[in-house]
Amino acid sequence: MNKNQDLDRLLRYAGRYKALTYLSWILSSVSAVLALLPFICIWLIIRSVLEGDYGTIVESGVYAVALAVLSMVVYIAALMCSHIAAFRIAANMRKEMLSHIVTLPMGSIDRFGSGKLRKIVNDSSAATETYLAHQLPDRAGAIATPIALIVMLFWFDWRLGLLSLLPVALGFLIMIRMTGQRMQERMNQYQDALMDMSNQAVEYVRGIPVVKTFGQTIYSFRLFKGAIDRYEKWVIAYTKELMRPMIVYTGAINSSFAFITAGAFLLASGGITPEMILNVLFYVIVTPVISITLTKIMFKSEEAMIVHDALMRVDEILGEKPQCDARNDLSPSDSSIRLEHVTFSYDGMKDAVHDVSIEIGSGSLVAFVGPSGSGKTTLASLIARFFDPQEGCIRIGGLDIRDIPKEKLMRYVSFVFQDSHLIKGTIRENVRLARPDADDDEVMEALRKAECMDIIGKLPSGLDTVLGTGGIYLSGGEAQRIAIARTILKDSPVIILDEATAFADPDNEVKVQKAFSSMLSGRTVIMIAHRLSSIADADRIFVLSDGCVAEEGSFSELVDGDSLFSRMWNDYRSSVDWKVGKEAM
């Protein structure tokens, strides 16, 4: 995608405000031309002084000031137009991204991460806003300035005008060489080196407690220092590469005075006239404007590269395939779950889940167990339709979940994560996320069933207590109980528990287990368990290994013999019985 394509794409977001963008370019160009007219007034003033006609000096001065003020007013009008259009474009970009994000599978959103999504939505659109509001109008003015100057330079004395433009032309050729495709590649390399150094810095800072604990400061700093050294090496090499062309460019665009002086001596061989002196002075005053304009154009090319990078990041979101919603408003007949030859891969290379077929009866309690990375959470996420499988299908109540409208499916299935997600807001708002129309009595009843009354009782503001920044922070177990209250209020027929007691201390774990007892009755429950003792009463246990169902059965059926589950159970019991002690001397 080149710069023109980037601009065309941005303008498509402008809608009816596109005309304001074009108008801002026109007004900026007019302002640039008006800004040059005071130089003509200066020429008239110098001529009046040389001719001894002092009566017109004040008049020319007034015109010069008036034209300068008019140029500023027109430029302000240009910026007003460009800012209105830029704000509209940035807003429409954000709307398109957010509208697309809500159509993505929840697993894709989780894979991006909220921080990265927020940064792309906010920062990338903000980068285009600066480009459209300031850089493009200024670039239009920067292009209009040399064109008007060329007309002026040849109008007064074409010979001096030609001499003053020769070094500028040389500088322009060098600028094209420095800001071409190679510069874009170098800019990408620079951003990569800078990102690598920043990432290593963040990792180093985060790891300082561990580094100090184990006395590995020098070793751990090696990675960070390596990133700094690579950045230093790249910057020095790039600086040396640009040193000569930059010296030539700077010398060229600032050598117009030398060329004009040399030309003036050559022209003076036929005699010096007042008009010649007047023109030489005029050219000495006005030609630096060209060098300033060219330098502006060169540095503005960097903004175009930043915008290109921003659009690439926007495409990273928009390129994600949306999750198709159901065309029919169908409802499951019950809460039974059936997986038929389900296969799913995150990267298209290795299957996280491969050809899994299982049946879960309505109202039953089943457990997914297996080694780390065996596909337990992936399988549960597929049932909740965080992702769609590449092969096979998943049915709830006899219906393919892709035929159930997403909103209805989300009301039908609840997911309690290891790490509870609570929003910044009051406890009431967090619980009512499940059912916004619930009243306070229903919220309190859900909190009571979730064993949260001790939490509410110690907070002076009760349900109005704000969680997060500016409020209070709950422990992992307390946050989990609030999340369970939310699930209880939702009252969905299918509940998926992803190691819901993982971050609870013993006291909180007891309360969480009590909350489960009031929540799970009469529902289809899928537990992802690491604590095997918690699934002893499961109706069915599915043991996963390398994305496949290796074993299935009840606890009593699986615990005996030389099965994978049996070995896991023995290892679990050994870990429970393990004690810290001193070896006898």
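Parameters and conventions
- Residues numbered from 1 in each chain as written.
- Predicted model: local features only at pLDDT ≥ 70, side-chain atom pairs only at ≥ 80, totals over all residues.
- Heavy atoms only, no water.
- Helix = DSSP H or I, 4+ residues; strand = E, 2+ residues; numbered from the N terminus.
- Contact = heavy atoms within 4.5 Å.
- Areas by Shrake-Rupley, 256 points an atom, 1.4 Å probe, with all protein chains shown as cover.
- Buried < 20%, exposed > 50% of the residue type's maximum accessible area, 1.4 Å probe, protein only.
- Salt bridge = Lys/Arg side-chain N within 4 Å of Asp/Glu carboxyl O.
- Pairing = 2+ DSSP bridges.
- Phe/Tyr/Trp six-rings, centres within 6.5 Å; stacked < 30°, edge-to-face > 60°.
- Core = buried A, V, L, I, M, F, W, Y, C linked by side-chain atoms within 4.5 Å.
- Axes fitted to C-alpha atoms, helices over the stretch in contact; angles between N-to-C directions.
- Parallel < 35°, antiparallel > 145°, perpendicular 65-115°, else oblique.
- Left-handed = near helix turned anticlockwise from the far one by under 90°.

1. Description of the overall build of the protein chain
Looking only at helices and strands, the protein chain features 21 helices and 12 strands. Taking the intrachain contacts of the protein chain between residues at least 6 apart in sequence as the baseline, contacts between residues at least 24 apart amount to 76%. Taken as a whole, the protein chain presents about 31,100 Å² of accessible surface, with 60% of it coming from carbon and sulfur.

2. What about unusual backbone geometry?
The phi dihedral of arginine 385 falls on the positive side, at around 60°, and the residue is not glycine. Among the secondary structure elements, arginine 385 is positioned in the loop between α13 (376-383) and β4 (391-396). Judged by relative accessible area, which is 3%, arginine 385 ranks as buried. Its identity is not glycine, yet aspartate 491 carries a phi of approximately 60°, on the positive side. Inspection of the secondary structure puts aspartate 491 in the loop between α18 (476-490) and β9 (494-498). Given a relative accessible area of 48%, aspartate 491 falls into the partly exposed group.

3. Quick notes on the pattern of salt bridges
Summed over all chains, the structure comprises 15 salt bridges. For the salt bridge of arginine 395 with glutamate 340, the shortest nitrogen-to-oxygen distance reads 3.1 Å. Within this pair, whereas arginine 395 is found in strand β4, its partner glutamate 340 is found in strand β1 (residues 337-345), the two being separated by 55 residues in sequence. A residue is classified by how much of its surface remains accessible, and arginine 395, at 27% relative accessible area, is partly exposed. Taken together, the salt bridges that share partners define one network made up of Arg338, Glu340, Glu359 and Arg395.

4. Regarding the pairing of β4
As paired strands, β1 and β4 are joined by 5 bridges and run antiparallel to one another. Note on β4: the bridge partner recorded for arginine 338 is arginine 395. In terms of strand pairing, β4 meets strand β5 (residues 399-400) through 2 bridges, oriented antiparallel. Bridged to arginine 395 within β5 is aspartate 400.

5. Structural notes on the sheet that holds β5
Strand order in the open sheet formed by 4 strands is β2-β1-β4-β5, with antiparallel pairing between adjacent strands. A single partner strand is all that each edge strand has here, and the edge strands are β2 (351-360) and β5.

6. Digging into the packing of aromatic side chains
All told, the structure shown has 8 aromatic pairs when counted by the stated rule. A ring pair is formed by phenylalanine 344 and tyrosine 346, whose centres lie 4.9 Å apart and whose planes are at 85°; its orientation type is edge-to-face. On the accessibility criterion, phenylalanine 344 (4% relative accessible area) is buried. Aromatic pair phenylalanine 555 and tryptophan 569: ring centres 5.0 Å apart, planes at 90°, arrangement edge-to-face. Within this pair, whereas phenylalanine 555 is found in helix α20 (residues 555-559), its partner tryptophan 569 is found in helix α21 (residues 564-577), the two being separated by 14 residues in sequence. We note that phenylalanine 555, like tryptophan 569, is buried. Three or more aromatic residues joined by ring pairs form one cluster here, namely Phe344, Tyr346 and Phe387.

7. Describing the nonpolar core
Judged by nonpolar contacts, the single largest core of 43 residues is most densely connected at Val369, Ile427, Leu447, Ile535, Ile541 and Phe565. Sort the elements by how many residues they give to this core and α18 lands first, with 6 residues. Residues Ile337, Ile358, Val366 and Ile383 belong to the second largest nonpolar core, which totals 32 residues.

8. Overview of the sheet that holds strand β6 (residues 413-416)
Read across the sheet, 6 strands follow the order β6-β9-β10-β3-β11-β12 without closing on themselves; strand pairing throughout is mixed. In this open sheet, the two strands that pair with only one neighbour each are β6 and β12 (548-553). Each strand axis lies, on average, 20° off the axis of its neighbour in the sheet, ignoring direction. Bridging between strand β3 (residues 365-369) and strand β11 (residues 540-545) involves 4 bridges; their strand directions are parallel. Following the sheet pairing, valine 366 is matched in β11 by arginine 540. Where α13 meets the sheet, its contacts fall on β3, β6, β9, β10 (524-528) and β11, and the angle it forms with β3 comes to roughly 135°. Set on the sheet, α18 makes contact with β6 and β9; between it and β6 the angle comes to about 175°.

9. Concerning the packing of helix α16 (residues 440-449) against α18
Close contact between α16 and α18 brings their axes to 8 Å; oriented N to C, the two are set at 125°. With respect to each other, α16 and α18 are oriented oblique. Like other packed secondary-structure pairs, α16 and α18 cross with a definite hand, here right-handed. Residues Glu442, Val443, Ala446, Leu447 and Lys449 of α16 lie in contact with α18, whose contacting residues are Ile482, Ala485, Ile488 and Leu489.

10. Comments concerning the pairing of β11
Across 5 bridges, β11 lies against β12 in antiparallel orientation. Considered in β12, the bridge of valine 543 is made with glutamate 551. Here β11 folds back onto β12, and the loop between the two strands holds 2 residues, one of which, aspartate 546, carries a positive phi near 55°.

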